[in-house]
Every structure is written in structure tokens, then in C-alpha cells.
Amino acid sequence: MAAADRSSSIVEYFGGEAGYRCGYCKNVTGNLSHGMWAHSMTVQDYQDLIDRGWRRSGKYVYKPIMNQTCCPQYTIRCRPLHFQPSKSHKKVLKKMLKFLAKGDSSKVAGDVTEEPMDSHREDAVACSFVLKNDSDISQSELKPLSVEETERVETEDNNEEEEMKKGVTMKKVESEPPQTCVDKDSTGSGERSDSAKLVHTTPKPGKGADLSKPPCRKAKDIRKERKLHKLLQNQPHTLEGSPSQVEPQILLSQNSKSKANQPKSIEDFIFASLPDDATHQLEVRLVPVSFEDPQFNSSFSQSATLFAKYQMAIHKDTPSECGEYEFTRFLCDSPLEAENPPSGPDCGYGSFHQQYWLEGKIIAVGVIDVLPYCVSSVYLYYDPDYTFLSLGVYSALREIAFTRQLHEKASELCYYYMGFYIHSCPKMRYKGQYRPSDLLCPETYVWVPIEQCLPTLEHSKYCRFNQDLKAVDEGCIKELGRVRVLHKRTVMPYSMYKKRRKGPSDEASVQQYASLVGQTCSERMLLFRS
């Protein structure tokens, strides 16, 4: 995935000792996380970070301290290639079709209001540093010197440093790409083959289908068959013999019946043809998050106004908490560097706003990151006047369909990351309804089907999902000296920076950073040191 000539990610690490207010259980100091400011970040580095439990809010990237925080937040991903909508999902899709076709805005009986995908700003750590628009570091300090200067620095002193330089520059550490996702129940970068297999158990007597008996048939199908049989008995026969005329009718009936019995996909609902006299027309536009993009610029004011309206109505923000400044910092400032490789999706990789336009105005915006192996949901905001459309659920289904669409061009892009699953907060369990889905083990960073995780989460809010007690974090830091550092605009391994550093040692902080981002990212990203 990584190109040799692309820019490196540059981050500042801040640790995470202090506790902050939790937006879920309202604990005043219970929210604990590690954090770093990403001045810039490649899509591959961010992909590898979210596969280790990190997540971004604007340019702030954070990782909950899972065994200490009051409400553990587990990274959750859906497998769109195998996704089938539930009855409640189909209700939402049908409701949207009915609204577009006839303008019907009535609430469907039995509807349950679900939280929009990642509609909580509390997903962004309530940290004082996050409230800052940017880091204090000047842009000039973040610009590395020429490659020649870096190489000169890295080759000085002794042969040990020469070996270090050789290892850093020649290894070109990359995360292993996951296997192609077609017809796979679960895959993932660095994932153990036995970690995320679905377990199928034989049902106990009285608890499942008896395979020795024919499958149950719907009463409706039996009635249709009886009616067809009666019609055939009453049909006049020809001299040449009726079978030649009757059989095509039977075949036609069987074909239509088998087609009707196939479950509808989300695409069947989303892209269903509307009548010529449809009341409304919905258009979904994918807009790159860039002030250099004409579409993004022209819709910025309307989008920011919608964000403020949503925050004040749904989350009770004050106007000063959701102005254009806050909107820009939270949902427009992205550290991700846009990339458009030939083998990638047509839209390229990076951060996007998926805008839902209805009669010339935006009624919802899904903020997403398109990464090498997934579409990652960042946030959703919508017009409260259209709450009856369940836009949180509808947009999640659209994003699953969008992931499938991108997969057709980029075969490795086959997952839909839904942010964090918080089992200890009942209203945040809705993400588990998009199946099949997996949760990330917080200790070994392998993916485990959510069905295997739920029983243990019922007994303990913090769990290690990997049942192999001997398994360890395969991506853990092995050589601290190989961590890449940006110091005085010069790129060097930490072993060299450590010798040059004046003042108290920062080894404990660098060790913590490297253990959290993993060996691969620590050797690829640049850790800023003043």
C-alpha cells in the first residue's frame, strides 16, 4: 500500500494519566485514554492504528485505557460482504422509499429509535488539549530537512549507528496486507487464522432445526401451490397434449417463487426505482474534506449551520459550543493525507463528507474516512426535522453499501468500521446489530466475532476476547532504538536522539508511545521531539 515517496506521518504524543468526564456514565474523572496530536498522517498508518484500538477526533488521535477507563470502548467492524439487513433495517429502508415516493412521514408502528452511528461527541475525548485548534509547534519545525542531511546525521559516529540506519531505511516496514475478503468470514491485518472464525454448534434437542426432517414451508407457499394445482386441473387440454403447455407455466411459477424467496439486499432498497411522480428526490454526494474542493467550499456554510442545529437540538449544546470554529476543528480538520493510487477506489483514500441532499438542501452528513482496508465512520449529524426517517440507521446502511461498491475496485477494502462498541452503556449497544461483526481484542489485537464476546461482556465490562492464553501482541515493540524521531527537523532513530538529548530522560514516554502504536507504526511515523 505504501509508496516509497509519500510523506511520513508526524505525531506528538501526550500520554494519558489524567481522568476526564465520561459522556456515557457521566463519571467526572472516569474517562481515561492515551492521546497524540497528528500533524499529518498517511491512510496506511491510520488504518494500522485503528487496528490497535486508536480513533481520531479531528486531528486528535486517542486510545482508551481499556482496563482502567470507566466505560471500555471496543473497536467494532462489520463485514459488509456478508451483511444481510435485519427486519428493523428493512423497515427503515422501506420508510425512506415511502417518504420519497409519496411524501409519507408517518412513524412506522413498532419503530424503535436508534442512536445514529457515532452521534456522540463524547467519542472524542473530553480532554483540554482537544479543545485547542492546533498544536503549539510551528510548521517550520515540522518540515524535515533534506534526505541527504538526514542520511548524513544517521551515518555519523560509529558502526552501530550505521547498522541502525541500514535497518531503518532498508527494511521499509509495512503492515502485512490482509487476504482478499471475497468469501471469507473474517480476515485482517496481522490476524491469527483461528482468532475470528465463526463457531457453529449442533443445536440441542428442542433448540434447533431437526435436519432429518424436511424443511418447514410457509403457509403462503402451500396455498399458492394448491391454487396452481386446482387451476391446472380445471384447464382444458389440447389434442397435442397439455404437458408442453402446462410445464412452462409451472417453471415460470417456480422461477418467480424462488426469486421472490431470495432475501433482498440493501442495494435492492436503496437503488429501487421511484415512480415518475415521486414526491421527493434524494441525492447522496461524496465530497472530499478539503477547502480546495469547490463542492466542499460551496456547501460549507450550509453544512456548518446544519451541524449547529443538530448539536443544539440533540445534544443540547450552546451556540458557542457548535459554531463554525468548533465544526471545522471537529469534522473538517483531518490529519489524513489524500491518496489516489491506481489500484485504489475511484474516490481515492482520505476523509470525506457524504452529504444527503433533499430538494436542494442538506438534511444529513456522514463523516467518513476511506482507508486501505475499510470505510471508517467518524460522525453523523442530521436535520432534527427529519428524525422520523431514522437517518442514523439509514446512513449506516448506505455506508455499508458504499463499502461494497468500493470493494469492487479495491478488493482489500472490505470492512466497515463503526467506531467503538460500549457494552457497559446499553444505549450504545446498537452497533452490535449490524452483523456479521467483530470486536478487537484489547490485548492481542485480533478480531473476534461479536457473538463470542457478548457472554463474557455480560460478566465483566473489560474482557480479553482472545481465548488463547499464550497469544500475545504480535505487533508489540521489540527494539525501542528503531523508533523514528523528528528532532530539529532531522529524522533519526531514537537510539541516536537519546545520545543527543539534553535534560531528563524521556525513555519511559517513548516506550509507552511505541508499545501503544506498535513496532510497525513506530518505525514508520515520525515522533516529534523538541
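Higher on the page you've got the structure.
Worth saying up front: this structure is predicted, and the values here are computed from it rather than measured. (Residues numbered from 1 in each chain as written. Predicted model: local features only at pLDDT ≥ 70, side-chain atom pairs only at ≥ 80, totals over all residues. Heavy atoms only, no water.)

Novice: How would you summarise the overall build of the protein chain if you had to cite specific residues and measurements?
Specialist: Scanning the protein chain from terminus to terminus reveals 14 helices and 15 strands. With 530 residues in all, the protein chain has 51% of them scored as buried. Taking the intrachain contacts of the protein chain between residues at least 6 apart in sequence as the baseline, contacts between residues at least 24 apart amount to 72%. Put simply, the protein chain shows about 26400 Å² of open surface, and 52% of that area lies on carbon and sulfur atoms. (Helix = DSSP H or I, 4+ residues; strand = E, 2+ residues; numbered from the N terminus. Buried < 20%, exposed > 50% of the residue type's maximum accessible area, 1.4 Å probe, protein only. Contact = heavy atoms within 4.5 Å. Areas by Shrake-Rupley, 256 points an atom, 1.4 Å probe, with all protein chains shown as cover.)

Novice: Tell me about the sheet that holds strand 4 (residues 60-64), and name the residues and values.
Specialist: Taken in spatial order, the 7 strands line up as 3-4-2-1-15-13-14 in an open sheet, and their pairing is mixed. Two strands close off the open sheet at either side, each with one partner strand: strand 3 (55-57) and strand 14 (490-493). Strand-to-strand twist in this sheet, taken as the mean axis angle between neighbours without regard to direction, amounts to 35 degrees. When strand 2 (residues 33-40) meets strand 4, the two strands line up antiparallel, connected through 5 bridges. (Pairing = 2+ DSSP bridges. Axes fitted to C-alpha atoms, helices over the stretch in contact; angles between N-to-C directions.)

Novice: Describe the pairing of strand 9 (residues 374-382), with residues and values.
Specialist: In terms of residue burial, strand 9 counts as a mostly covered element, since 9 of its 9 residues are buried. With antiparallel pairing between neighbouring strands as the criterion, strand 8 (residues 361-370) and strand 9 make up a hairpin whose turn holds 3 residues. Here strand 9 pairs with strand 10 (residues 415-421) via 3 bridges, running parallel. From the neighbouring strand, cysteine 374 faces strand 10, where its bridge partner is tyrosine 415. With helix 11 (residues 391-409) bridging strand 9 and the parallel strand 10, this β-α-β connection has right-handed handedness. (Right-handed = clockwise from strand over helix to strand, strands pointing away.)

Novice: Talk me through the side chain of lysine 63; I want residue IDs and the actual numbers.
Specialist: Take lysine 63: it is sitting in strand 4. No salt bridge is formed by the buried lysine 63; its nearest oppositely charged neighbour, aspartate 473, is found at 8.4 Å. Within the structure, lysine 63 has its side chain in polar contact with the side chain of tyrosine 445 (distance 3.2 Å). Excluding anything up to four places from it in sequence, lysine 63 contacts Ser33, His34, Arg52, Gly53, Trp54, Tyr445 and Leu516. (Lys, Arg positive; Asp, Glu negative; His and termini not counted. Salt bridge = Lys/Arg side-chain N within 4 Å of Asp/Glu carboxyl O. Polar contact = N/O pair within 3.5 Å; in protein donor to acceptor, adjacent residues only side chain to side chain.)

Novice: Account for the environment of serine 424, with residues named and values stated.
Specialist: Note on placement: serine 424 falls in the loop between strand 10 and strand 11 (437-440). For the pair serine 424 and serine 460, spaced 36 residues apart in sequence, the C-alpha separation works out to 8.9 Å. Those residues in contact with serine 424 that lie beyond four places of it in its chain are Cys71, Pro72 and Lys461.

Novice: Give me the packing of aromatic side chains: which residues, what numbers.
Specialist: If you walk through the whole model with that rule in mind, you get 22 aromatic pairs. A centroid spacing of 5.8 Å and a plane angle of 55 degrees characterise the contact between tyrosine 13 and tyrosine 513, whose relative ring orientation is tilted. Here tyrosine 13 is found in strand 1 (residues 10-15), whereas its partner tyrosine 513 is found in helix 14 (residues 507-522), with 500 residues between them in sequence. With respect to class, tyrosine 13 is no different from tyrosine 513; both count as buried. Here the aromatic rings of tyrosine 356 and tyrosine 394 are separated by 6.4 Å at their centres, their planes lie at 65 degrees, and the arrangement is edge-to-face. Taken together, the residues span a long stretch of sequence, with tyrosine 356 in strand 7 (residues 350-358) and tyrosine 394 in helix 11 at a distance of 38 residues. Residues tyrosine 356 and tyrosine 394 agree in their burial class; the two are buried. A connected cluster of aromatic rings, assembled from ring pairs, spans Phe291, Phe296, Phe300, Phe307, Tyr310, Phe327, Phe330, Tyr379, Tyr381 and Tyr382. Lying over the aromatic face of phenylalanine 420, arginine 55 brings its terminal NZ or CZ to 5.9 Å of the ring centre. Between the NZ or CZ atom of arginine 77 and the centre of the ring of tyrosine 415, over which it lies, the distance is 3.8 Å. (Phe/Tyr/Trp six-rings, centres within 6.5 Å; stacked < 30°, edge-to-face > 60°. Lys NZ or Arg CZ within 6 Å of the ring centre and 35° of its normal.)

Novice: Break down the packing of helix 2 (residues 87-102) against helix 11 for me, with residues and values.
Specialist: Between helix 2 and helix 11, the least distance of the axes is 10 Å, while the angle of their chain directions is 100 degrees. Looking at the two axes, helix 2 sits roughly perpendicular to helix 11. Listed contacts from helix 11 to His89, Val92, Leu93 and Met96 of helix 2 are Leu391, Val393, Tyr394 and Leu397. Classifying every residue of the contact of helix 2 with helix 11 by side-chain character gives 7 nonpolar, 1 polar and no charged. (Parallel < 35°, antiparallel > 145°, perpendicular 65-115°, else oblique. Nonpolar A, V, L, I, M, F, W, Y, C, P; charged D, E, K, R; others polar.)

Novice: Give me the lowdown on the sheet that holds strand 12 (residues 447-449), citing residues and values where you can.
Specialist: Pairing is mixed across the open sheet formed by 8 strands, whose spatial order is 6-7-8-9-10-5-11-12. Of all strands in the sheet, those bounded by a partner on one side alone are strand 6 (282-288) and strand 12. Geometrically, the sheet is characterised by an average inter-axis angle of 30 degrees between neighbouring strands, direction not taken into account. Taken together, the 7 bridges between strand 6 and strand 7 define a ladder with antiparallel strand orientation.

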